[in-house]
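The residues making up each chain are set out below.
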Amino acid sequence: MRLVCLITAQICIAMMWAAKGLAADRIPINIAAIDWCPQICPQASDPGYIIDIVEDVFKSSPYEPVISIYPWSRAIQYVRNGRAHALLSPAKAEAPDLVYPDQEVGVQSMCFFVLKDSAWQFEGVPSLEGHLTGLASDTSIEELNNLIEDRADLFFVQPYSDEYIQNSVNMLRAGRVNSFLFTYNTTLHILRTMGADKEVRSAGCVSNAKIYMAFSPAPALAEDVDKMAAYFDRTMGQFKAEGGVTAIMARYGLADWSEEDGAVEHHTD
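Reference entry: report on the structure contained in this document. Worth saying up front: this structure is predicted, and the values here are computed from it rather than measured. (Residues numbered from 1 in each chain as written. Predicted model: local features only at pLDDT ≥ 70, side-chain atom pairs only at ≥ 80, totals over all residues. Heavy atoms only, no water.)

1. A few points about the overall build of the chain
Condition: Numbering goes from the N terminus for both helices and strands, where a helix is a DSSP run of H or I of at least four residues and a strand is a run of E of at least two. Buried residues are those whose accessible area, probed at 1.4 Å on protein chains only, stays under 20% of the maximum for their type, while exposed residues exceed 50% and partly exposed ones sit between those limits. The criterion used for residue contact is that any of the two residues' heavy atoms lie within 4.5 Å. The Shrake-Rupley method, run with a 1.4 Å probe, gives the accessible areas here. Residue values count only the displayed protein chains as cover.
Within the chain one finds nine helices and nine strands. Expressed as a percentage of the 269 residues in the chain, the buried residues total 52%. Restricting the contact set of the chain to residue pairs at least 6 apart, pairs at least 24 apart contribute 72%. With an accessible surface of roughly 12,500 Å², the chain has 52% of that area assigned to carbon and sulfur atoms.

2. A few points about the environment of E143
Along the polypeptide, E143 turns up in the loop between β5 (133-136) and α4 (145-150). In sequence terms E143 and V125 are 18 residues apart; their C-alpha atoms lie 9.1 Å from each other. If sequence neighbours within four positions are ignored, E143 has contacts with V206 and S207.

3. Observations concerning unusual backbone geometry
Cis geometry marks the peptide bond from C37 to P38; its omega dihedral reads 5°. With respect to the secondary-structure elements, P38 resides in the loop between β1 (27-33) and α2 (49-57). A cis amide bond links L88 with the next residue in sequence, S89, at an omega value of -5°. For S89, the position within the fold is in the loop between β3 (86-88) and β4 (106-115).

4. Examining the sheet that holds β1
Our working rule: What makes two strands pair is DSSP finding at least two bridges between them. Here an angle of 0 to 180 degrees is reported between the N-to-C directions of two axes, which are lines fitted to C-alpha atoms, with helices fitted over the stretch in contact.
If you trace the four strands from one edge of the open sheet to the other, you get β2-β1-β3-β9, paired in mixed fashion. What marks the edges here is a single partner per strand, and that holds for β2 (63-69) and β9 (213-215). Ignoring which end each strand starts from, the neighbouring axes of this sheet average 35° apart. Note: β1 against β3, three bridges, orientation parallel. Considered in β3, the bridge of A32 is made with L87. Where α2 meets the sheet, its contacts fall on β1, β2, β3 and β9, and the angle it forms with β3 comes to roughly 145°. Helix α7 (residues 222-241) contacts β1, β2 and β9 of the sheet and is inclined by roughly 160° relative to β9.

Dropping the structure here:
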């Protein structure tokens, strides 16, 4: 029953977003994404800064973004096999076989989070010895990938879902893990929503990667993808230069990653 409800909810979300208006003379770009606030927020009044950016970039284009929400692993697979044109919004290391434009749509910092009464701080790989960290599956962290593969005893891996951060906080409270890893902005956003922001703190970040609107490598979509990616690169570069990213990020109270050139993402409050 729960699975049926989940599938129904995903279909409803996709239809709701598509209902914004697919003009008869515009070509749909089918985009697979996850619920990942404040980047992508399908159930919120503000759709998320990445969605705002993508919709603005394609606003006067021949293309109409049609966004469907899936679990992360499934979203990657749908784009990989050509069931969708594009994916929002992986770092290159997360899905290296996809087609990446030159222009990114944001920057993500992967950070460790611990209970506030913990004295632990991430200070490089040696500080992880004897320390158990929660990690979402299908998460690639270039600086730690070899360690994650070689030292399974240092990481507790669970499937990514909408409850990942809630589950991770509960595991911190129960002493089942010492820390968990996730993107900085999203974790702070959800901690505040949960009322747990006074209980959990960031304990240092391990990576800072650009994230993209990545396109499908499926041969059947190659011609369309080439045109879509070229349009995106051209228009996104102009959008950044004209201050479009600055205005959108300000609405969400976030730093402008396009000006900081890869600086660690953070809230400005």
